[in-house]
Amino acid sequence: MTRMTFGSYPHLLGFDQLDRMLERTKGGSEGYPPYNIELTGEDRYRVTLAVAGFAEEDLRITVEDGQLWIRGKQAETGERQYLHRGIAARQFQRSFVLAEHVVVTGAALENGLLHIDLQRQAPQPVVETISITGKG
């Protein structure tokens, strides 16, 4: 049985990029760090990650090719000796594919939670008239 893709529908021209976008979202099912996604207003979202033990300088937030990346890596301090270490200190990487016209408007770290605010910006309508030229 052949798998149907967006590119295989004749009236959806140029939507093969959606297939690639769906492929990018697969995998990465690791549950660390846990996160929430909230709708905070009309066309406004907030992604919150639980990053206990991470400082601002341990975190990096980037948008690369329409994808939001949150990376965390704590600096190693060899001065502590643990009898039990139950608080995760491992590095992590989380990504979220952003829809077109969704931009990051800010980020804040408070009480071990990293908040990243997003907003969908309304696209400007574009009407284009195409002229018809002869063969010559």
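Bear in mind that the values here come from a model prediction, so they are computed numbers and not experimental data. (Residues numbered from 1 in each chain as written. Predicted model: local features only at pLDDT ≥ 70, side-chain atom pairs only at ≥ 80, totals over all residues. Heavy atoms only, no water.)

Colleague: Tell me about the nonpolar core, residues and numbers included.
Modeller: Grouped together as the largest cluster of nonpolar side chains are 15 residues, with contacts concentrated most on L49, V51, L68, I70, F92, I116 and L118. Every element with two or more residues in this core is listed here: strand 2 (44–50), strand 4 (67–72), strand 5 (92–97) and strand 7 (113–120). With three residues, strand 7 is the largest single contributor of residues to this core. For L118, the contacting residues outside a window of four places in its chain are D43, R44, Y45, V47, L68, L98, V102, V103, V104 and T105. (Core = buried A, V, L, I, M, F, W, Y, C linked by side-chain atoms within 4.5 Å. Buried < 20%, exposed > 50% of the residue type's maximum accessible area, 1.4 Å probe, protein only. Helix = DSSP H or I, 4+ residues; strand = E, 2+ residues; numbered from the N terminus. Contact = heavy atoms within 4.5 Å.)

Colleague: Please provide a residue-by-residue account of the side chain of Q74, values included.
Modeller: Along the chain, the position of Q74 falls in the loop between strand 4 and strand 5. Among the polar contacts listed, one links the side chain of Q74 to the backbone oxygen of G53, at a separation of 2.4 Å. (Polar contact = N/O pair within 3.5 Å; in protein donor to acceptor, adjacent residues only side chain to side chain.)

Colleague: Please set out the pairing of strand 3 (residues 59–64) residue by residue, giving values where relevant.
Modeller: Where strand 3 meets strand 4, six bridges bridge the pair, whose relative direction is antiparallel. Within strand 4, the residue paired with L59 across the bridge is G72. Counted between consecutive antiparallel strands, the loop separating strand 3 from strand 4 contains two residues, among which D65 sits at a positive phi close to 55 degrees. (Pairing = 2+ DSSP bridges.)

Colleague: Please provide a residue-by-residue account of the pattern of salt bridges, values included.
Modeller: This structure, assessed with the given rule, holds three salt bridges. One salt bridge in this structure joins D43 and R120, with 3.6 Å as the shortest N-O distance. With D43 in the loop between strand 1 (35–41) and strand 2 and R120 in strand 7, the pair connects residues that are 77 residues apart, well separated along the chain. Of the residues examined, R120 reaches a relative accessible area of 33% and is grouped as partly exposed. In this structure, R46 and D117 form a salt bridge, with 2.7 Å as the shortest nitrogen-oxygen distance. (Salt bridge = Lys/Arg side-chain N within 4 Å of Asp/Glu carboxyl O.)

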